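Geometric and topological summary
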Amino acid sequence: TGRFGYHTCMIDGGLVRCWGDNSEGQLGTGSSNYFYRNSPVTVYGISKATDVTSGANHSCAIDGGVVKCWGSNLSGQLGDGTKTSTNRPVAIRSILNPIALAAGDGHTCAIDAGSVKCWGSNSFGVLGDGTTTERATPGAVTGIANATAIAAGPTFTCVIEGGQVKCWGNGASGQFGDGLSSSSAKTPVTASGIANATAIAAGGAFACAIEAGKVKCWGNNSVGELGDGTATRRVTPVTTVGISSATALGAGNFHACASDAGQLKCWGNNNDGELGITNDPALLGGARTSPVAVVGLKSTTAVTGSNDHTCVIDAGQAWCWGSNAYGALGDGGSASR
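What counts and how
Residues numbered from 1 in each chain as written. Predicted model: local features only at pLDDT ≥ 70, side-chain atom pairs only at ≥ 80, totals over all residues. Heavy atoms only, no water. Helix = DSSP H or I, 4+ residues; strand = E, 2+ residues; numbered from the N terminus. Rg over C-alpha atoms; globule rule 2.2 N^0.38 Å. Areas by Shrake-Rupley, 256 points an atom, 1.4 Å probe, with all protein chains shown as cover. Lys, Arg positive; Asp, Glu negative; His and termini not counted. Charge placed at Lys NZ, Arg CZ, Asp CG, Glu CD. Pairing = 2+ DSSP bridges. Axes fitted to C-alpha atoms, helices over the stretch in contact; angles between N-to-C directions. Polar contact = N/O pair within 3.5 Å; in protein donor to acceptor, adjacent residues only side chain to side chain. Salt bridge = Lys/Arg side-chain N within 4 Å of Asp/Glu carboxyl O. Buried < 20%, exposed > 50% of the residue type's maximum accessible area, 1.4 Å probe, protein only. 1 Å grid on protein atoms, 1.4 Å probe; cavity = no way out; pocket = protein on both sides within 12 Å on 5 of 7 lines; lining within 4 Å. Points joined across faces, edges and corners; volume = space filled by probe spheres on them. Nonpolar A, V, L, I, M, F, W, Y, C, P; charged D, E, K, R; others polar. Core = buried A, V, L, I, M, F, W, Y, C linked by side-chain atoms within 4.5 Å. Contact = heavy atoms within 4.5 Å. Phe/Tyr/Trp six-rings, centres within 6.5 Å; stacked < 30°, edge-to-face > 60°. Disulfide = S-S within 2.5 Å.

**Remarks on the overall build of the chain**
Along its length, the chain carries 0 helices and 26 strands. Over its C-alpha trace the chain gives a radius of gyration of 18 Å, about what one expects of a compact globule, namely 20 Å for 337 residues. Just so you have it, the chain exposes about 11900 Å², and 49% of that area is on carbon and sulfur atoms. A distance of 4 Å separates the average location of the 20 positive side-chain charges in the chain from that of its 22 negative side-chain charges.

**Re the sheet that holds strand S17 (residues 206-211)**
Read from one edge of the open sheet, 4 strands run S16-S17-S18-S19, paired in antiparallel fashion. Bordering the open sheet on either side are strand S16 (197-202) and strand S19 (234-239), each of which pairs with just one other strand. Direction aside, neighbouring strands of the sheet carry axes that sit 20° apart on average.

**Considerations on the side chain of Asp228**
Structurally, Asp228 is set in the loop between strand S18 (214-219) and S19. Polar side-chain contacts of Asp228 include one of 3.3 Å to the side chain of Asn221. A distance of 3.0 Å separates a polar atom in the side chain of Asp228 from a polar atom in the side chain of Arg234.

**Topic: the pattern of salt bridges**
Considering all chains together, one arrives at 8 salt bridges under this definition. Here Glu211 ties to Lys216 by a salt bridge, and the two come within 2.7 Å at their closest N and O atoms. Residue Glu211 is classed as buried on the basis of its relative accessible area of 11%.

**Details of the layout of surface pockets**
Computed from the structure, the largest pocket encloses a volume of approximately 950 Å³. Lining the largest pocket are 41 residues, and of these Asp51, Val52, Leu249, Val303 and Thr304 sit closest to its centre. Class assignment for the residues of the lining of the largest pocket results in 27 nonpolar, 12 polar and 2 charged. Approximately 500 Å³ is the volume attributed to the second largest pocket. What lines the second largest pocket is a set of 25 residues, among which Ala318, Trp319, Cys320, Trp321 and Arg337 lie closest to the centre.

**Focus: the pairing of strand S21 (residues 255-260)**
Where burial is concerned, most of S21 is hidden: 6 out of the 6 residues are buried. Residue alternation in S21 divides its side chains into two sets, His255, Cys257 and Ser259 and Ala256, Ala258 and Asp260, and both sets are buried. Pairing of strand S20 (residues 246-251) with S21 involves 5 bridges; the strand directions are antiparallel. Across the sheet, Leu249 pairs through a bridge with Ala258, a residue of S21. Counting the residues between successive antiparallel strands, the hairpin from S20 to S21 contains 3 residues. Two elements, S21 and strand S22 (residues 263-269), share 6 bridges in a ladder whose sense is antiparallel.

**Quick notes on the nonpolar core**
In globular proteins that are soluble, nonpolar side chains generally tend to be buried together. With 18 residues, the main nonpolar core has Cys158, Val165, Ile200, Ala209 and Trp218 as its most contacted residues. Counting residues per element, the ones that place at least two in this core are strand S12 (147-152), strand S13 (156-161), strand S14 (164-171), strand S15 (182-190), S16 and S17. Residues in contact with Cys158, not counting those within four places in the same chain, are Ala149, Ile150, Ala151, Val165, Lys166, Cys167, Gln175, Ile200 and Ala207.

**Concerning the packing of aromatic side chains**
Applying the stated criterion to the full structure yields 3 aromatic pairs. Aromatic side chains Phe35 and Tyr326 sit 5.8 Å apart centroid to centroid with 50° between the ring planes, which places their arrangement in the tilted category. Pair noted here: Phe35 is in the loop between strand S2 (15-21) and strand S3 (36-42) and Tyr326 is in the segment after strand S26 (317-322), with a separation of 291 residues, a long-range link. Here Phe35 falls in the partly exposed class, since its relative accessible area comes to 46%. For the pair Tyr36 and Tyr326, a centre-to-centre distance of 6.5 Å together with 80° between the ring planes defines the contact as edge-to-face. Here Tyr326 lies in the segment after S26 and Tyr36 lies in strand S3, a separation of 290 residues in the sequence.

**Describing the side chain of Thr108**
Within the fold, Thr108 resides in strand S9 (residues 107-112). A distance of 2.7 Å separates the side chain of Thr108 from the side chain of His58, its partner in a polar contact. Residue contacts for Thr108: discarding those within four places in its chain leaves His58, Cys60, Gln77, Ala102, Ala103, Lys117, Cys118 and Trp119.

**Regarding the state of the cysteines**
Evaluation of the coordinates by the stated rule reveals 7 disulfides. Across a sulfur-sulfur distance of 2.1 Å, Cys60 and Cys69 are joined as a disulfide pair. Taking the sign of the torsion about the S-S bond as the criterion, the disulfide between Cys60 and Cys69, at about 110°, is right-handed. Of the two residues examined, Cys60 and Cys69, each falls in the buried class. The disulfide that involves Cys257 links it to Cys266, with 2.1 Å between the sulfurs. Of note, the bridge from Cys257 to Cys266 carries an S-S torsion of about 110° and is right-handed in sense. Overall, Cys257 belongs to the buried group, its relative accessible area being 1%. Using a relative accessible area of 0% as the deciding quantity, one classes Cys266 as buried.

Structure (structure tokens):
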């Protein structure tokens, strides 16, 4: 889901289906005839997708072993060597063995046979190549050779390598998890106290990982997005309360969710109902500093979050809730839920 944007993409039988804001062509249909779509449309020319990611106003997928991107390209985040935006996918041929993708506001990264390559905006050193120079083609992140998972916040990136979590880019809120609040790091920094991470998610200014079934989070915590029962910022990982069998994890700007033995639980900001915990509008607002079970979902296998909405796959179906700006929920309507 686009972090500060209002579009979402998913894989359905090898096709990529997207919905929401299309002002920059981020739905990838090859047409500019509509500003947004409130129900899923099929991305042009993709039929063998194995991974998909969305930034603020762009998206990328792995299609038959080739990385393809579409949407806004103002910072070179499509990776095709230009800064020309496009409403249909363009291929990046220099990534030979893509495994996973992650996108921030204006940058994109891919795991390529264990190494990590990034492109686009390089504010705060978010490309991890030791510089702050913008790139319109992929460049290698310094010192990463065996990455197994990747996640991106708006202006920072994290990977799992050898069970450890390593992050770079903007660290002003403690989102590196190394015990410091660094304004930036142009090369990867290792988070403290995590040795066997299996999944990673990045929020607006915080990050979370799954380790031995527990969720551990660090960084900004102003509305309880770390789920430790407080609103205290943490510069090293703390354990989210009440989760012991996590299998899937996702984060928005100010909230996060995890599947705990199939039961979806969410915490953090709830101003637009993005936690999915009640159908009563009178109970919206405020925040939850510890996880609360989501209504009616007990077989969740994938989670993603945005600025003010959440989407999951549960029992093979896509479910979304929260703000429905630009049709972000994909239910054919405009009402938030």
